[in-house]
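Topology and contacts: notes
So you can see what is in the structure, the chains are spelled out below.
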Amino acid sequence: MEDKSWTVVLFDDATVEAIPSHWIIGDLCHWPPYPTSKLSDSIKNGDPLNTCWPTLHVKIFRDGTFHDYGIARQKAKVAENTSDLNTDTEDCNKRKRKKKIISSSESESSDTMLPSPPKLKNPKQKDHSRNSEILRKGNQQRKRPNNTRNGESIQIAPKPYESTIVIDPEVSIVENENYGCKLNVEKDKYLKSIAEQVHINRAICMDILSEVKEIKQYIRTRNVQNPEEITFAKKFTNIVFPIISGEQFDTLEAILENEEDLDLLVTDFAKIGGSSSYNFVKRVLSICLSNDMALQYSWLGRKGKKPFSNLKIAKVIIYAAEKAGIVKNRSEAEVGIQTWLKRASDRRASLLNKKTA
């Protein structure tokens, strides 16, 4: 439990009061600007110090600190007549010259009522009058004696930069205290706004986190539903690339009559990619056909060869090039296929030379 104490002090207006000891800092007392009823409770309860309260000059009585508020109040009454607080209350009452008649209602509340609090100085009004007086005197002192030239008097006006304004130090102290309190209030408002922004940002982060969790759950569910992607090679295991016989080629063409199977092969070929349109066509056809099968075809079927342009596999290659974004139009893919078919004999001869070498 906190050890509270009250100290008997004398204010500048000769008012004696017992106040909480922690309100006193040096010869200054922080006095709460409360109404009388609330002020009495504040003193009795020993409310915590608020440095924003106005300050008053006080004198502390010797041996004037007590840990019981009732005793401190009695000693404050003694201090109204003598500076020796060790004097008994009865002896002090005997020394009083004037008798005061107290009504019944007053006698009942005399022990509980506090004397009127010391009057707070209005520093602004006082300082205005004092500063105006200082300014008036300063203006008088700035007047320079008249100079005479050729018997004529010349009045020299004071220079603007020579004027000085003297500020009462008490004004600066009070204004600084009020300014400090305003800064504390503004700081509290600023911290409160920051706390609100932190709560808002936290709520936004929580929403984003919940959305991320939903996306992860969706991806996991999708992976469970489709654990393995279906490809053309896995669906048709009887088709082995590259095609080396006419029978296999006819079987492939029959499968590609189905649009879904054709799209499946287009998707697989589009993933092969290439640096150019011809590079893409070369990579795809090298997987699909052997050089011996390529020698049997030309794009339009000239020179006794079979037409390649009428086959489903030709459409698959063109569609795959478009889907991969390799070609700007279909003609680029067609030119690439024609070139690759023309070079089939050269590729076959090169392979034979490597084998014989």
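Keep in mind it's a predicted model, so treat the numbers as computed, not measured. (Residues numbered from 1 in each chain as written. Predicted model: local features only at pLDDT ≥ 70, side-chain atom pairs only at ≥ 80, totals over all residues. Heavy atoms only, no water.)

Observations regarding the nonpolar core
One finds Phe232, Phe249, Leu289, Phe308, Ile313 and Ile337 to be the most contacted residues of the largest nonpolar core, which totals 39 residues. Of the residues forming this core, the biggest block, seven residues, is contributed by helix H12 (residues 312-324). In this view, Ile337 contacts Val281, Leu285, Trp299, Phe308, Ala314, Ile317 and Ile318; residues no more than four positions away in its chain are not counted. With 22 residues, the next largest nonpolar core counts Trp6, Val9, Ile19 and Leu56 among its residues. (Core = buried A, V, L, I, M, F, W, Y, C linked by side-chain atoms within 4.5 Å. Buried < 20%, exposed > 50% of the residue type's maximum accessible area, 1.4 Å probe, protein only. Helix = DSSP H or I, 4+ residues; strand = E, 2+ residues; numbered from the N terminus. Contact = heavy atoms within 4.5 Å.)

Observations regarding a nonpolar patch on the surface
Together, Tyr190, Leu191, Ile194 and Val198 make up an exposed nonpolar region whose accessible area comes to about 390 Å². For Ile194, the location among the structural elements is in helix H6 (residues 169-225). (Patch = residues over 30% accessible without salt bridge, like charges linked within 9 Å, V, L, I, M, F, W, Y side chains within 5 Å. Areas by Shrake-Rupley, 256 points an atom, 1.4 Å probe, with all protein chains shown as cover. Salt bridge = Lys/Arg side-chain N within 4 Å of Asp/Glu carboxyl O.)

What to know about the pattern of salt bridges
Under the definition given, this model contains four salt bridges. Close ionic contact of Glu17 with Arg73 constitutes a salt bridge, the shortest N to O distance being 3.5 Å. Pair noted here: Glu17 is in strand S2 (residues 16-20) and Arg73 is in helix H2 (residues 69-79), with a separation of 56 residues, a long-range link. Residue Glu17 shares its accessibility class with Arg73, and that shared class is buried. Where Arg348 meets Asp292, a salt bridge forms, and the shortest distance between an N and an O atom there is 3.0 Å.

Digging into the sheet that holds strand S3 (residues 24-25)
On the basis of which strands lie adjacent, the open sheet formed by five strands has the order S2-S1-S5-S4-S3 and antiparallel pairing. In the strand order of this sheet, the two ends are held by S2 and S3, each with one partner. Where strand S1 (residues 6-11) lies against strand S5 (residues 55-66), five bridges are found, and the strand directions are antiparallel. Within S5, the residue paired with Thr7 across the bridge is Thr65. In the packing of helix H1 (residues 36-45) onto the sheet, the strands contacted are S1 and S2, and the crossing angle to S2 comes to about 60°. Across the sheet, H2 is in contact with S1, S2 and S5; its angle to S2 comes to roughly 155°. (Pairing = 2+ DSSP bridges. Axes fitted to C-alpha atoms, helices over the stretch in contact; angles between N-to-C directions.)

Points about a negative patch on the surface
A cluster of acidic side chains, namely Glu257, Glu259, Glu260 and Asp263, defines a negative patch on the protein surface. Mapped onto the fold, Glu260 is located in helix H9 (residues 259-270). The exposure class assigned to Glu260 is exposed, which follows from its relative accessible area of 61%. (Lys, Arg positive; Asp, Glu negative; His and termini not counted. Charge placed at Lys NZ, Arg CZ, Asp CG, Glu CD.)

Re the pairing of S2
Within a regular strand, side chains alternate between the sheet's two faces. In terms of burial, S2 is a largely internal element, five of the five residues being buried. As defined by bridge partners, S1 adjoins S2 across five bridges and the pair is classed as antiparallel. Its bridge partner being in S2, Val8 is matched across the sheet by Ala18. Turn length for the S1-S2 hairpin, with the two strands adjacent in sequence and antiparallel, is four residues, and the turn residue Ala14 shows positive phi of about 70°.

Some details on the packing of helix H10 (residues 277-288) against helix H13 (residues 330-342)
Interaxial distance between H10 and H13 falls to 9 Å at its minimum, and their mutual angle equals 55°. Our classification of the angle between H10 and H13 gives oblique. The hand of the H10/H13 crossing is right-handed. When H10 is examined against H13, the residues Ser277, Tyr278, Val281, Lys282, Leu285 and Ser286 are found in contact with a partner set consisting of Glu332, Ala333, Gly336, Ile337, Thr339 and Trp340. Looking at the contact of H10 with H13 residue by residue, the class counts come to six nonpolar, four polar and two charged. (Parallel < 35°, antiparallel > 145°, perpendicular 65-115°, else oblique. Left-handed = near helix turned anticlockwise from the far one by under 90°. Nonpolar A, V, L, I, M, F, W, Y, C, P; charged D, E, K, R; others polar.)

Points about the environment of Trp6
In this fold, Trp6 is placed in strand S1. On a C-alpha basis, the gap between Trp6 and Phe66 in space is 5.4 Å, while along the polypeptide they are 60 residues apart. Within the structure, Trp6 has its side chain in polar contact with the backbone oxygen of Ile43 (distance 2.7 Å). (Polar contact = N/O pair within 3.5 Å; in protein donor to acceptor, adjacent residues only side chain to side chain.)

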